[in-house]
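# Architecture at a glance
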Amino acid sequence: MPFQQGSARTRQRTVLLVGIVVLLVVLILAVVLASLLTHGKPEVSPKMMKWKDRGTTKNLQEVILGRCYNYIMARYPELGDKDCLKIWESLKHAFIYKNPCNTTSEDYQPLMELASHPIPCNKSLFWSRTKDLAHRYTKSNENFLTLEDTLLGYMTDMISWCGDPSAPGINYESCPKRSECESNPTSVFWKMASKMFAREACGVVQVMLNGSTEAGAFRNNSIFGSVEVFNLNPDKVSAVHIWLMHDIGGPQSESCSGHSIMRLRSILEERNFTMTCEDNYRPVQLLQCVQNPDHTDCQPCANATAAP
Ligand code: N1C
């Protein structure tokens, strides 16, 4: 019987050994599988910064490329030599993987150079607090161009973007507001694009201001008041025409003889520009009247002096 006892123990040992080997193989397989599954996938960092403004526009690359191609193919084919892919890459490199509060004008220099194109004299239209009206006007009158009618402004209007040091380098959840940091990607961009747009202007330039805002039609801290006014070139610009528009039926907080317009006049005259100001420039008022046809300001003889 000692022989039978010995063979039973051997069988037990063999079963135990096989069990351990199977367990080891399963364990190794699990480790290999797990590493294969996670390999190459960029992890979305939970450390992504949180801000108060909306995040980067979804499908940013497609939107910028689509707008760029549309601008150069459909709107201004004469600009055909622009390289939209290069333009996208230079915008991306200006902010991707960077702290969005440390944006500098150097970040955007290559983009500005790639996207810039000449703007004919007498066509530049600046605006402040009249964005929608100014754009409706340039759409209906091809004699004028706002920054959003140039390639750079057309591609980026109403879009937001910002980077983050952690992967994937773009923050789609939130971006910093101006109150959180001045040097954020969009504020630095608009300041720089506006500066370039003002420097380029020549001949007579137009400015559409809002006479119905409480804060005053001309604000020193607006982009127009702090960047564009000081970058107009007196050797290239002969005169500045202000169109001071009021909301139809809205408050007339300020007219051409108002305080902030006086301030603007003294800044411009000191810089050797001639300035004129017109309340409710009629061609633009007619556009406002499309939405208010029955208002007295919109009647055919609204501004005519009554006959004696
Ligand atoms: O600060 P603002 O106006 O005076 O800036 C307007 C002025 C225009 O003449 C444009 O040439 O500066 C240029 N500009 C834009 O083209 C532009 N498009 C979109 C400046 N800002 C622009 N934006 C966004 O609107 C941007 O986010 C900026 O902060 C606002 C400025 O609006 P505003 O106060 O009415």
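Residues numbered from 1 in each chain as written. Predicted model: local features only at pLDDT ≥ 70, side-chain atom pairs only at ≥ 80, totals over all residues. Heavy atoms only, no water.

Tallying secondary structure elements over the protein chain gives ten helices and six strands in all. Sequence separation of at least 24 residues holds for 77% of the intrachain contacts in the protein chain that already meet a minimum separation of 6. As displayed, the protein chain offers around 17,700 Å² of accessible surface, 58% of which is attributable to carbon and sulfur atoms. (Helix = DSSP H or I, 4+ residues; strand = E, 2+ residues; numbered from the N terminus. Contact = heavy atoms within 4.5 Å. Areas by Shrake-Rupley, 256 points an atom, 1.4 Å probe, with all protein chains shown as cover.)

What follows deals with the sheet that holds strand β4 (residues 203–210). Pairing within the open sheet is parallel, and its four strands lie in the order β2-β4-β5-β6. In this open sheet, the two edge strands, each paired with only one partner strand, are β2 (125–128) and β6 (274–279). Across this sheet, the average inter-strand angle for adjacent strands is 20°, counted without regard to direction. With eight bridges connecting them, β4 and strand β5 (residues 237–245) associate as parallel partners. Pairing of V204 across the sheet is with A239, part of β5. Across the sheet, helix α9 (residues 259–270) is in contact with β4, β5 and β6; its angle to β6 comes to roughly 160°. (Pairing = 2+ DSSP bridges. Axes fitted to C-alpha atoms, helices over the stretch in contact; angles between N-to-C directions.)

By the definition in use, this model includes six disulfides. In this model C101 forms its disulfide with C181; the gap between the sulfur atoms is 2.1 Å. The sign of the S-S torsion, about -75°, decides the handedness of the disulfide formed by C101 and C181: left-handed. Separated by 80 residues along the polypeptide, C101 in the loop between α3 (84–95) and α4 (105–115) and C181 in the loop between β3 (174–175) and α7 (185–200) bring together distant segments of the chain. Taking relative accessible area as the criterion, C181 reaches 11% and is therefore assigned buried. The disulfide bridge from C256 ends at C277, spanning 1.9 Å between sulfur atoms. Between C256 and C277, the S-S dihedral sits near -75°, and the bridge is therefore left-handed. With C256 in the loop between β5 and α9 and C277 in strand β6, this pair connects stretches of sequence that are 21 residues apart. With relative accessibility at 15%, the residue C256 sits in the buried group. With its bonded cysteines labelled in order along the sequence, the protein chain shows the pairing 1-2, 3-7, 4-8, 5-6, 9-10, 11-12. (Disulfide = S-S within 2.5 Å. Buried < 20%, exposed > 50% of the residue type's maximum accessible area, 1.4 Å probe, protein only.)

On to the pattern of salt bridges, then. Applying the stated rule across the entire model yields seven salt bridges. As a salt-bridge pair, D157 and K131 come within 2.8 Å of each other at their nearest N and O atoms. Within this pair, whereas D157 is found in the loop between α6 (151–156) and β3, its partner K131 is found in helix α5 (residues 131–140), the two being separated by 26 residues in sequence. The shortest N-O distance in the salt bridge between E269 and R265 comes to 3.5 Å. Residue E269 and its partner R265 are located together in helix α9, separated by four residues, close to a single helical turn. Taking relative accessible area as the criterion, E269 reaches 42% and is therefore assigned partly exposed. (Salt bridge = Lys/Arg side-chain N within 4 Å of Asp/Glu carboxyl O.)

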